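Residues per chain are reported as follows:
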Amino acid sequence: MYRFLLSRQWVILTLVALALVPTMIELGFWQLHRHEHKVALNKVISDSLAARPVPAETLTAPGRRVEHDDLYRRVTAKGHFDTAREEVVRRRTNSDGAIGYHVLTPFVLTDGRVLMVNRGWVPADGAQTAFPKIPAPARGEITVTGRLMADQTTADSGIKNVRGLPDRQVMLISSEQQAERLGERVLGGYVEQTAPEPRGDSPELIPDPEHGDIGPHMAYAIQWWLFSAGVPVGWVVLVRRERRDRAEAAAARTAPEAEPAGV
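No experiment lies behind these values; they were computed from the predicted model shown.

## Observations concerning the overall build of the protein chain
Right, on to step 1. The secondary structure content of the protein chain amounts to four helices and eight strands.
Right, on to step 2. Listed by position from the N terminus, the elements making up the protein chain come as α-β-β-β-β-β-β-α-β-α-β-α.
Right, on to step 3. On C-alpha atoms alone, the protein chain measures out to a radius of gyration of 31 Å, which is more than a quarter above the 18 Å that the 2.2 N^0.38 rule sets for 263 residues.
Right, on to step 4. Judged by the C-alpha coordinates and their principal axes, the protein chain covers about 120 × 40 × 30 Å.
Right, on to step 5. Expressed as a percentage of its 263 residues, the buried residues of the protein chain come to 34%.
Right, on to step 6. Summarising the internal contacts of the protein chain: among those between residues at least 6 apart in sequence, 70% fall at separations of at least 24.
Right, on to step 7. Here the protein chain displays about 16200 Å² of accessible surface, and carbon together with sulfur accounts for 55% of that area.

If you want it as structure tokens, here you go:
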């Protein structure tokens, strides 16, 4: 009755179905983990932005990674900007989606150590091989406030760390690379400046990160699990349909031919 399941076609179909079920279940758990990560990150961002600012050097140090719980923590730093060794980070967008650069400036602390500060976004008005015009920050000793960020990586950002770029341009912010370039003791991570606000609103300060949206990952997880449950149901439906079609075909072959009318 079910000998057709041993045919090549049905063996292949069954094996595909058996492979799809665990794959879809795993994809569902992958989306679930992304949901949990997003929820946890949103809490870290919310708690960090609500906390009172602390000196940056209390949360990071040269060669030290920024802890996950310290991400987006508001910090302060006292010193002066070293614009002579300023760089820009390529292909960054502002809140309107325009492509430009992030301005990465060494901030020399009062003890001589260096904190890399992302001063904000400027447009890419000229050739990409040329260094853009960047408004200068306040001169002399000042106090900068900002959000503490971890070093950027290709794995986290999806941006390839291209080498051989034009002078004073980078793709990712890395305190380790900056320490090598500057020959200074650079604190791990960097700071997105929030104060003081620049004159003329340029560079354009980076807005607070969105931390209220959890994304569609939970819905995707449920969707994958429903798909995994639908595979065996679909397989059973196809088997029953095949069995019915074969039974009807066999019955048609064995039915006696009707006698001619009027004989």
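## Describing the environment of N118
Right, on to step 1. Among the structural elements, N118 can be located in strand β5 (residues 114–123).
Right, on to step 2. Residue class for N118 comes out buried when judged on its relative accessible area of 2%.
Right, on to step 3. Taking C-alpha positions, N118 is 19 Å from Q128, a pair spaced 10 residues apart along the chain.
Right, on to step 4. Among residues more than four places away in sequence, those in contact with N118 are H102, V103, L104, I173, Y190, V191, E192, Q193 and I206.
Right, on to step 5. A polar contact is formed between the side chain of N118 and the side chain of H102, at a distance of 3.1 Å.

## Examining the nonpolar core
Right, on to step 1. With 33 residues, the main nonpolar core has V75, F107, L115 and M116 as its most contacted residues.
Right, on to step 2. For this core, the secondary structure elements donating two or more residues are α1 (8–50), β2 (74–81), β4 (99–109), β5, β6 (142–149) and β8 (190–195).
Right, on to step 3. Apart from the residues within four sequence positions on either side, M116 is in contact with L104, T105, P106, Q178, L182, V186, Y190 and V191.
Right, on to step 4. By size, the runner-up hydrophobic cluster in this structure holds five residues, among which are V88, Y101, V103 and I134.

## Quick word on the pairing of β6
Right, on to step 1. Judged by how many residues are buried, β6 sits mostly within the fold: seven of eight residues are covered.
Right, on to step 2. With six bridges joining them, β2 and β6 adopt antiparallel strand pairing. Within β6, the position partnered with V75 by the bridge is G146.

## Examining the pattern of salt bridges
Pairs can form between side chains of opposite charge whenever their charged atoms are close.
Right, on to step 1. This structure, assessed with the given rule, holds 11 salt bridges.
Right, on to step 2. Of the charged contacts in the structure, one is a salt bridge between D47 and K43, with a shortest N-O distance of 2.7 Å. You can see D47 and its partner K43 sitting in helix α1, four residues apart, about one turn around the helix.
Right, on to step 3. Looking at K43, the relative accessible area reads 53%, which means it is exposed.
Right, on to step 4. In this structure, R113 engages D111 in a salt bridge whose closest nitrogen and oxygen atoms are separated by 2.9 Å.
Right, on to step 5. Judged by relative accessible area, which is 15%, R113 ranks as buried.
Right, on to step 6. For D111, a relative accessible area of 41% puts it in the partly exposed group.
Right, on to step 7. The structure contains a network of salt bridges with shared partners spanning D82, R85 and E184.

## Section: the pairing of β4
Right, on to step 1. The element β4 is extensively covered by neighbouring structure, given that 10 of its 11 residues are classed as buried.
Right, on to step 2. Summarising the sheet, β2 and β4 pair through three bridges and their orientation is antiparallel. Looking at β4, one finds that F81 is bridged to F107.
Right, on to step 3. In this structure, strand β3 (residues 87–93) lies alongside β4, joined through five bridges in antiparallel fashion. Looking at β4, one finds that E87 is bridged to L104.

## Things to note about unusual backbone geometry
Right, on to step 1. The omega torsion across A195 and P196 is 0 degrees, close enough to zero to call that bond cis.
Right, on to step 2. Note that the residue after S202, namely P203, is joined by a cis bond; omega there is 0 degrees.
Right, on to step 3. Following the sequence through the fold, P203 ends up in the loop between β8 and α4 (217–254).
Right, on to step 4. You will see that Y72, though not glycine, has its phi angle at about 65 degrees, which is positive.

## Section: the packing of aromatic side chains
Right, on to step 1. In the structure shown here, the tally under the stated rule is five aromatic pairs.
Right, on to step 2. An angle of 70 degrees between the planes, with centres 5.5 Å apart, marks the rings of F4 and W10 as edge-to-face.
Right, on to step 3. Judged by relative accessible area, W10 falls into the buried class, the value being 5%.
Right, on to step 4. Aromatic rings pair up to connect Y2, F4 and W10 into one cluster.
Right, on to step 5. Here R119 stacks its cationic end above the ring of F81, 5.8 Å away from the centre of that ring.
Right, on to step 6. For the cation-ring pair, R168 lies above F131, with the distance from its terminal atom to the ring centre recorded as 3.9 Å.

Calculation criteria
Residues numbered from 1 in each chain as written. Predicted model: local features only at pLDDT ≥ 70, side-chain atom pairs only at ≥ 80, totals over all residues. Heavy atoms only, no water. Helix = DSSP H or I, 4+ residues; strand = E, 2+ residues; numbered from the N terminus. Rg over C-alpha atoms; globule rule 2.2 N^0.38 Å. Buried < 20%, exposed > 50% of the residue type's maximum accessible area, 1.4 Å probe, protein only. Contact = heavy atoms within 4.5 Å. Areas by Shrake-Rupley, 256 points an atom, 1.4 Å probe, with all protein chains shown as cover. Polar contact = N/O pair within 3.5 Å; in protein donor to acceptor, adjacent residues only side chain to side chain. Core = buried A, V, L, I, M, F, W, Y, C linked by side-chain atoms within 4.5 Å. Pairing = 2+ DSSP bridges. Salt bridge = Lys/Arg side-chain N within 4 Å of Asp/Glu carboxyl O. Phe/Tyr/Trp six-rings, centres within 6.5 Å; stacked < 30°, edge-to-face > 60°. Lys NZ or Arg CZ within 6 Å of the ring centre and 35° of its normal.

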